[in-house]
Amino acid sequence: MIQSTKNPFIDDSVVKGDDYCPRKMVEERILKKLANGHNLALIGDRRVGKTSTAHYVIDSMKDMYKIDIDLYHIIDPSDIAEAIIDACKKVLDKVWDSKKVLDFARRLTPKLDVTEGGFSFGIDASGQEYKKTLHVAFEFLEETVKRTKGKVVILFDEFQAIKTIKNADAILKYMRGKIQKNARVSFMYVGSIKHDMDHIFRDPDSPFFKQAEIIYFEHIEPNIFFDFIFKRFQSKKITLKREVYDMLSKTCYGITGDIQTFCRVAFDSLKEGQIFDFEAFFFILDIIYKNEQKYFKSILDSKGLTKIQKNLLIQLAGIQNQADIKFFGKDFQKAIGVKSPGAITNALNALEKKEYIYKSDEQYYFSNPFFKEWVLDYRFIIQATAGTLTAGSSITGTRLDFGYRQRMIKHSK
Ligand SMILES: Nc1ncnc2c1ncn2[C@@H]1O[C@H](COP(=O)(O)OP(=O)(O)O)[C@@H](O)[C@H]1O
Ligand SMILES: [Mg+2]
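Per chain, residues are indexed from 1 in the order of the written sequence. Chains carry letters from A onward and ligands carry numbers from 1 onward, assigned in written order. pLDDT decides what is reported in this predicted model: residues at 70 or higher carry local features, side-chain atom pairs at 80 or more are listed and counted, and totals for whole chains, interfaces and linings draw on all residues regardless. Values shown for side chains rest on all heavy atoms present in the structure; no hydrogens or waters enter the calculation.

Draft legend 1. Main features of the sheet that holds strand β2 (residues 64-70). Strands qualify as paired when DSSP identifies two bridges or more between them. The helix count covers DSSP runs of H or I at least four residues long, the strand count covers runs of E at least two residues long, and both are numbered beginning at the N terminus. Pairing is parallel in the open sheet, where 5 strands are placed in the order β2-β5-β6-β1-β7. The open sheet has two free edges, formed respectively by β2 and β7 (213-216), since each of these has just one partner strand. For this sheet, the mean inter-axis angle between neighbouring strands, taken without regard to orientation, is 20°. Note: β2 against strand β5 (residues 151-157), 7 bridges, orientation parallel. In the strand pairing of β5, D70 is matched with D157. Between two residues, a contact is recorded if the distance between any of their heavy atoms is within 4.5 Å. Between the N-to-C directions of two axes lies an angle of 0 to 180 degrees, each axis being a line fitted to C-alpha atoms and, for a helix, fitted only over the stretch in contact. Each of β1 (40-43), β2, β5, β6 (185-191) and β7 is contacted by helix α1 (residues 24-35), which is oriented at about 165° to β7, the strand it contacts most.

Put into structure tokens, the structure is as follows:
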């Protein structure tokens, strides 16, 4: 049968309009800060919805200009400068004669290449001292603010990416010096790697210390998101059971984008009129495994990770509550195959750096929650779960071997 109903689940871009599920509480907090002209740092886990909500709130404000600077792909300081210039150009083209924008750009040094796609520095600029290109960028920013009336939000998205660049601290210091207080202008810094964002805004030694009021971006309200998702499935007469949603949400640690991914696959794969129960849940999970199996396997089979790191990854999947276990204790070390807590710390850091896991509120999470489920279903993990660890037993087997799915399905009937 040819699929005719459009899939209403979006998981690969910023969501807008009807595709955006309202988050009143956090929206109001952001709105209030921006309306009062405060600077703001929005910090939260990856794919939780920070960028979508930031834009949603800014776009809802009347007479508000948005300079949208995305630092996601930056490698060199000149990339930061280009991202700023790019964002400025988009606004300038709206408020100024485009010929004048070009004239203005041509007057600046180091010289910018002017192409259809926008402005960029020549290759030689990437090796130049960061101050030179950033200087041009801030000239642009100043000009843009000058040309606009009313309020302006300067939005730096993925701001923590600056921390990955050489001379990061000097660059931050330089930028901080360039940012002038202006009643019309609010700066909004959005970022996802909590450590780095916290460090930038909360460390007394950081140039951005206390430069913005921090809002920690929480998980989406489950009841509201359930209703939102439930309705979307109804467009194909699929009925999502609440307990399945709760399970999905738990599986995804409540991360909005990952829940949407699962739902997108479910919408395509389930039949019209079907009940979305636990059986359907595992059916979808298997489809996701099938799509990603090659990649999952490659992580655990490749030489990219040491044996210790792989072990640790597998053990982490099975631990329900990391706060409850002696994370660096002897039993755990034995399970991983190391002899000191320091070796575990090193392995955790390596896994985090490779972005297989991330840390949030003192817990480690898989960046891909479906990878975690796959590990649980297929790898030998039972011996490593917190309960059995403390009990000192060592049963070997996978979650599937132990009839996990049958239990879940029976339990829900
Ligand atoms: N308010 C929302 N309503 C519905 N889905 C959302 C919402 N916010 C985020 N999402 C989902 O999460 C994904 C990632 O959103 P994004 O705003 O890019 O998150 P972040 O900036 O925190 O990484 C989106 O593609 C979408 O699937
Ligand atoms: Mg984002």
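Draft legend 2. Main features of the pattern of salt bridges. A side-chain nitrogen of Lys or Arg and a carboxyl oxygen of Asp or Glu constitute a salt bridge if their distance falls within 4 Å. Per the stated rule, a full pass over the model turns up 21 salt bridges. Here K146 makes a salt bridge to E143, at a shortest N to O gap of 3.6 Å. Residue K146 and its partner E143 are both found in helix α6 (residues 130-147); the two are separated by 3 residues, about one turn of the helix. Linking R242 and D246 is a salt bridge whose minimum nitrogen-to-oxygen distance equals 3.1 Å. Remark: D246 and R242 occur in helix α10 (residues 242-251); sequence separation between them is 4 residues, near one turn of the helix. Members of the salt-bridge network, linked through shared partners, are D286, K372, E373, D377, R399 and R405.

These figures come from the coordinates and say nothing about function on their own.
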